[in-house]
Protein chains: 2
Amino acid sequence: MNRMALVRHLCAHPGLSRSDLAEAVGLTKSTVSLLVRGLIEEGWLVEREVVTTGDLGRRPTPLFIDPARLLLLGVEIGIDAVRVVATSLTGELQACVISPHATEPTADSCIASLAAALLKVRSQFDANRRILGIGIGIPGSVDADRGVVQQAPNLGWHAVPFAALLRETLRDTPLTGVPLFVLNEAGAAALGEHEFNPGSNSNPLLYVSINQGLGAGVVVDGRLLTGSRHYAGEVGHMVLQHNGARCSCGRRGCAEALIAAPLMPYLPGNPGALEPDPQALNSAGRHLGMLLQNLATAYDPGCIVLGGAAMTVGDSFLQPALDVLKDYATAARLAPPTVRTSRFGAHAVGIGAAALARHRLTRPTPPLPASGGLSTDSKESA
Amino acid sequence: MNRMALVRHLCAHPGLSRSDLAEAVGLTKSTVSLLVRGLIEEGWLVEREVVTTGDLGRRPTPLFIDPARLLLLGVEIGIDAVRVVATSLTGELQACVISPHATEPTADSCIASLAAALLKVRSQFDANRRILGIGIGIPGSVDADRGVVQQAPNLGWHAVPFAALLRETLRDTPLTGVPLFVLNEAGAAALGEHEFNPGSNSNPLLYVSINQGLGAGVVVDGRLLTGSRHYAGEVGHMVLQHNGARCSCGRRGCAEALIAAPLMPYLPGNPGALEPDPQALNSAGRHLGMLLQNLATAYDPGCIVLGGAAMTVGDSFLQPALDVLKDYATAARLAPPTVRTSRFGAHAVGIGAAALARHRLTRPTPPLPASGGLSTDSKESA
């Protein structure tokens with residue numbers, strides 16, 4: 001995996017020279033030069049012109065991830081539609097196809113419609129533009145290693161071998177054999193904010209996704225928290241109110257029931273959206289503030305990123321959340337956590353899913369679950 | 001760090017042979033044999049007798065962490081006392097000294113009393129028993145890299161350079177120069193449950209500490225979550241009730257105010273403890289259930305371990321918590337998370353602090369904060 005170690009390093013530190021890279025990854029300069037030549041030929045890396053500054057002589061050539069040749073596909077499986085984007089290796093949006101669901105999507109109908117949308121995006125590029133991988137973000141809990149959707153309550157799915165089904169559907173098409181990666185939608189969006197933001201040092205990075213469902217993705221030291229059963233970050237079912245409103249999960253007082261569900265009638269994008277009810281938006285926002293306080297306490301994130309359809313509601317929802325966070329911080333004489341909305345707006349999950357593909361393709365196989373005193377790090381890079 | 005990689009591997013997988021180790025860490029068998037010889041001489045490892053089973057011939061000699069020679073010291077800085085333990089490299093308790101605080105302990109008086117207790121424990125062993133390191137668990141947020149206590153509200157400490165002060169106090173004593181490691185008490189206890197439990201594959205492991213303060217430590221893939229400012233796991237300040245009871249931090253409705261504070265008058269160990277009030281214990285227990293539900297949702301732990309002085313209250317406090325967890329699970333038709341009390345009882349923090357010392361001594365320097373797409377793993381083991 002030495003080649004991909006170079007790519008990973010340049011993702012985080014654009015503009016390094018071959019010598020810089022050699023030092024950073026512990027290889028000889030001649031090995032690095034050889035690997036870099038191959039990576040440039042294949043479209044991963046690009047050299048940029050050196051600005052010569054008079055008498056300092058020729059500077060080492062800076063290397064960058066090539067934003068022009070290779071492509072990633074990213075998919076958001078939404079409750080209402082499938083959204084497919086194509087991005088460059090550095091996350092710039094290159095194409096987008098949205099395919100609304102006709103009715104309640106079964107896994108089969110959804111996969112058929114997804115395959116068609118993927119091929120439509122593929123057809124917008126010359127055949128010689130190579131597609132490295134397809135990432136897919138799904139509103140539910142996903143066993144990413146096996147590509148299986150464990151539970152997607154808002155889609156009514158249970159134990160769907162999504163990657164295997166999609167792989168089969170894409171057989172004998174121009175996308176045959178392209179690697180597939182499936183993840184929870186908030187996890188994918190969190191990876192997008194992390195991977196496609198090289199200047200950032202928000203660690204941990206917490207992404208909170210508010211759609212019909214509510215979930216979070218947490219990236220710590222460059223890796224997504226997954227938990228023991230792929231449920232880490234399912235924070236829509238944190239309880240904010242004892243005996244509160246009934247949640248779709250069956251419990252009472254969950255964040256999802258107090259924040260996401262009450263917003264749904266007011267989303268501008270919804271057909272038949274109601275006039276905003278200031279009190280409902282304020283209450284949902286204040287509960288969001290309480291949730292963010294609790295998440296900040298649990299993970300101590302360097303930055304909290306908010307995304308999802310609920311962002312379209314705007315300040316009448318978000319401002320009360322920020323006010324509550326600030327009130328808690330003031331009471332404890334601390335600075336409130338840093339909160340911002342997603343840099344990729346409505347494409348946060350799709351572009352995040354493209355980032356997921358890059359993340360997985362440029363890394364060694366995922367570490368085994370650690371036990372006892374053994375760090376998996378040494379195994380991974382052994 | 002190849003030597004310590006072998007030690008780490010044997011911590012997690014006791015009984016491996018030299019060949020097993022060579023394969024596991026990617027070294028030649030002759031290199032491993034050489035390193036193992038040194039580690040045996042120094043007291044880290046021990047060979048055990050092979051049971052010969054007739055015609056199978058001689059089996060490779062199994063290696064173990066030596067439980068008999070080297071020592072670790074672990075410290076709990078409590079609100080009421082300093083507790084020092086000595087343990088073997090595998091976590092067995094070898095000695096214990098408890099030194100109650102005379103009055104409200106300042107950092108200086110506490111460090112003086114700690115130094116005396118450490119030397120008292122040291123004096124219980126022959127001079128030739130080597131002490132590898134001293135771990136210290138503190139009820140507050142700690143910058144572990146610098147050994148600085150950022151905040152310890154229940155001790156009234158702020159920005160105390162604890163490691164530096166203790167190092168100075170131990171100068172020219174039999175403990176001069178022994179490496180010191182400082183951490184939040186719940187984090188230390190979490191490492192204890194992880195490091196000294198080789199059979200476990202609870203990943204993440206969540207330890208919830210309930211004393212006058214309430215906090216958690218989370219071990220993911222063999223590493224403690226620390227957060228962006230060393231505040232990760234400060235879950236005593238998760239808000240469980242809007243406008244609830246005032247917390248010592250200044251906020252309202254924090255877990256600490258609803259769970260830990262109401263228990264304090266009833267702790268059997270407290271001088272002047274009151275007769276248990278079933279309603280108060282039940283209410284605190286039910287709030288603990290709500291907190292554990294939220295923590296299970298945030299981290300998806302393989303196991304939740306409970307510890308701290310509150311455990312002495314017993315089932316009238318713990319059973320309501322388990323009941324609430326079970327009710328939530330039943331409502332969502334899921335299995336409740338696995339919950340148990342600490343294996344080390346009243347020594348959970350002290351033995352955990354000893355584990356902290358082993359954890360830090362057998363690992364490379366902590367990874368740098370990751371940014372962009374670069375995993376720090378490759379750096380660490382490069």
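For clarity, every value in this text was computed on a predicted model and none was experimentally measured.

S.K.: Give a description of empty space enclosed by the protein that names residues and reports values.
M.R.: Residues and elements named next belong to chain A. Enumeration according to the criterion identifies five cavities of 30 Å³ or more in this entry. Considered as a void within the structure, the largest cavity measures approximately 160 Å³ in volume. If you trace the largest cavity, you find 17 residues lining it, with Asn184, Leu224, Leu225, His230 and Ala232 closest to the centre. For the lining of the largest cavity, the elements supplying multiple residues, two or more each, are β7 (141-143), β10 (180-184) and β12 (214-220).

S.K.: How would you sum up the relation of the copies chain B and chain A? Please name residues and give values.
M.R.: Between the two copies, chain B and chain A, the superposition gives an RMSD of 0.0 Å; the rotation angle is 180° and the shift along the axis is 0.0 Å. Within this description, the copies of the chain are treated as partners about a two-fold rotation axis. Interface overlap between copies: 100% of the residues of chain B at the interface are likewise at the interface in chain A, consistent with a symmetric, same-surface contact.

S.K.: Quick one: what's the story with the interface of chain B and chain A, residue by residue and with numbers?
M.R.: Accessible area lost when the parts come together is the quantity often used to give the size of an interface. The partner chain A presents 65 residues to the 64 residues of chain B that form the contact. Interface of chain B and chain A: buried area, both sides summed, is about 5,300 Å²; carbon and sulfur atoms make up 52% of it. In this assembly, chain B and chain A are joined by two salt bridges. Mapped by element, the contributors of at least two residues to the side of chain B that touches chain A are α1 (2-12), α6 (185-195), α8 (278-299), α9 (315-331) and α11 (377-381) of chain B. By residue class, the composition of the side of chain B that touches chain A is 25 nonpolar, 26 polar and 13 charged.

S.K.: Go over the packing of aromatic side chains, please, and point to the residues and values.
M.R.: Counting across every chain of the model gives three aromatic pairs over all chains. Measuring from centroid to centroid gives 6.0 Å for Trp157 of chain A and Phe162 of chain A, while their planes differ by 25°, and the two rings are stacked. Just as Trp157 of chain A is buried, Phe162 of chain A falls in that class too. Considering the side-chain rings of Tyr299 of chain A and Tyr299 of chain B, the 5.5 Å spacing of their centres and the 80° angle between planes classify their relative orientation as edge-to-face. Taken together, the residues Tyr299 of chain A in helix α8 (residues 278-299) and Tyr299 of chain B in helix α8 connect one chain to another. With a relative accessible area of 2%, Tyr299 of chain A lands in the buried category.

S.K.: Break down the sheet that holds strand β7 (residues 141-143) of chain B for me, citing the residues and quoting the values.
M.R.: Residue and element names in this part refer to chain B. Strand order in the open sheet formed by three strands is β7-β8-β9, with antiparallel pairing between adjacent strands. Edge positions in the sheet fall to β7 and β9 (157-160), since each of these pairs with one other strand and no more. Direction aside, the axes of adjacent strands within the sheet are offset by 15° on average. With three bridges joining them, strand β8 (residues 148-152) and β9 adopt antiparallel strand pairing. Within β9, the residue paired with Gln151 across the bridge is His158.

S.K.: Please set out the sheet that holds strand β11 (residues 205-210) of chain B residue by residue, giving values where relevant.
M.R.: To summarise the sheet geometry, strands pair through backbone hydrogen bonds and adopt either a parallel or an antiparallel arrangement. All names here are of chain B. Taken together, five strands build an open sheet; the order of strands is β13-β12-β11-β14-β15 and the sheet is mixed. Strands with a single pairing partner mark the edges of an open sheet, and in this sheet they are β13 (223-224) and β15 (339-341). As defined by bridge partners, β11 adjoins strand β14 (residues 303-307) across five bridges and the pair is classed as parallel. Counterpart to Val208 in the pairing with β14 is Leu306.

S.K.: Can you lay out the pairing of strand β3 (residues 71-77) of chain A for me, pointing to particular residues and giving the numbers?
M.R.: Residues and elements named next belong to chain A. In terms of residue burial, β3 counts as a mostly covered element, since seven of its seven residues are buried. Looking at chain direction, β3 and strand β4 (residues 81-88) are connected through seven bridges and run antiparallel. If you follow Leu72 over to β4, its bridge partner there is Thr87. In sequence, β3 turns back onto β4 through a hairpin of three residues.

S.K.: Tell me about the confidence of the model for chain A, and please be specific about residues and values.
M.R.: When pLDDT is averaged along chain A, the result is 91; 93% of the residues meet or exceed 70. Among the prediction metrics, the complex's ipTM stands at 0.88, with pTM recorded as 0.90.

S.K.: Can you break down helix α7 (residues 255-263) of chain A residue by residue, with the values?
M.R.: Residue and element names in this part refer to chain A. Most of α7 is tucked away: seven of the nine residues are buried. When α7 is considered as a whole, its buried residues turn out to be Ala255, Glu256, Ala257, Leu258, Ile259, Ala260 and Leu263. Residues of α7 that are buried in the fold lie against β11 (205-210), β12, α8 and α9 (315-331).

S.K.: For the pattern of salt bridges, give the residues involved together with the corresponding values.
M.R.: Residue and element names in this part refer to chain B. One pass over the full model with this rule turns up 22 salt bridges over all chains. The residue Glu42 makes a salt bridge to Arg3 at a minimum N-O spacing of 2.9 Å. Taken together, the residues Glu42 in helix α3 (residues 29-42) and Arg3 in helix α1 connect sequence positions 39 residues apart. What makes Glu42 partly exposed here is its relative accessible area of 33%. By relative accessible area, Arg3 is classed as partly exposed at 28%. A salt bridge links Arg363 to Glu195; the shortest N-O distance between them is 3.9 Å. In this pair, Arg363 is assigned in the loop between α10 (348-361) and α11 and Glu195 in helix α6, connecting sequence segments 168 residues apart. Of the two residues, Arg363 and Glu195, both sit in the buried class.

S.K.: Pulling in residues and values, what's your account of helix α1 (residues 2-12) of chain A?
M.R.: Burial runs high along α1 of chain A: nine of the eleven residues are buried. Along α1 of chain A, the residues classified as buried are Met4, Ala5, Leu6, Val7, Arg8, His9, Leu10, Cys11 and Ala12 of chain A.

S.K.: With reference to specific residues and values, describe the pairing of strand β12 (residues 214-220) of chain B.
M.R.: Residues and elements named next belong to chain B. Here β12 lies mainly inside the structure; seven of its seven residues are buried. Residues of β12 alternate between two faces, with Leu214, Ala216, Val218 and Val220 on one and Gly215, Gly217 and Val219 on the opposite face, all of them buried. As paired strands, β11 and β12 are joined by six bridges and run antiparallel to one another. Following the sheet pairing, Val208 is matched in β12 by Ala216.

Rules of the game
Residues numbered from 1 in each chain as written. Chains lettered and ligands numbered in written order. Predicted model: local features only at pLDDT ≥ 70, side-chain atom pairs only at ≥ 80, totals over all residues. Heavy atoms only, no water. 1 Å grid on protein atoms, 1.4 Å probe; cavity = no way out; pocket = protein on both sides within 12 Å on 5 of 7 lines; lining within 4 Å. Points joined across faces, edges and corners; volume = space filled by probe spheres on them. Helix = DSSP H or I, 4+ residues; strand = E, 2+ residues; numbered from the N terminus. Least-squares fit on C-alpha atoms with pLDDT ≥ 70 in both. Contact = heavy atoms within 4.5 Å. Buried area = accessible area lost by both parts, 1.4 Å probe. Salt bridge = Lys/Arg side-chain N within 4 Å of Asp/Glu carboxyl O. Nonpolar A, V, L, I, M, F, W, Y, C, P; charged D, E, K, R; others polar. Phe/Tyr/Trp six-rings, centres within 6.5 Å; stacked < 30°, edge-to-face > 60°. Buried < 20%, exposed > 50% of the residue type's maximum accessible area, 1.4 Å probe, protein only. Pairing = 2+ DSSP bridges. Axes fitted to C-alpha atoms, helices over the stretch in contact; angles between N-to-C directions. pLDDT = per-residue confidence, 0-100.

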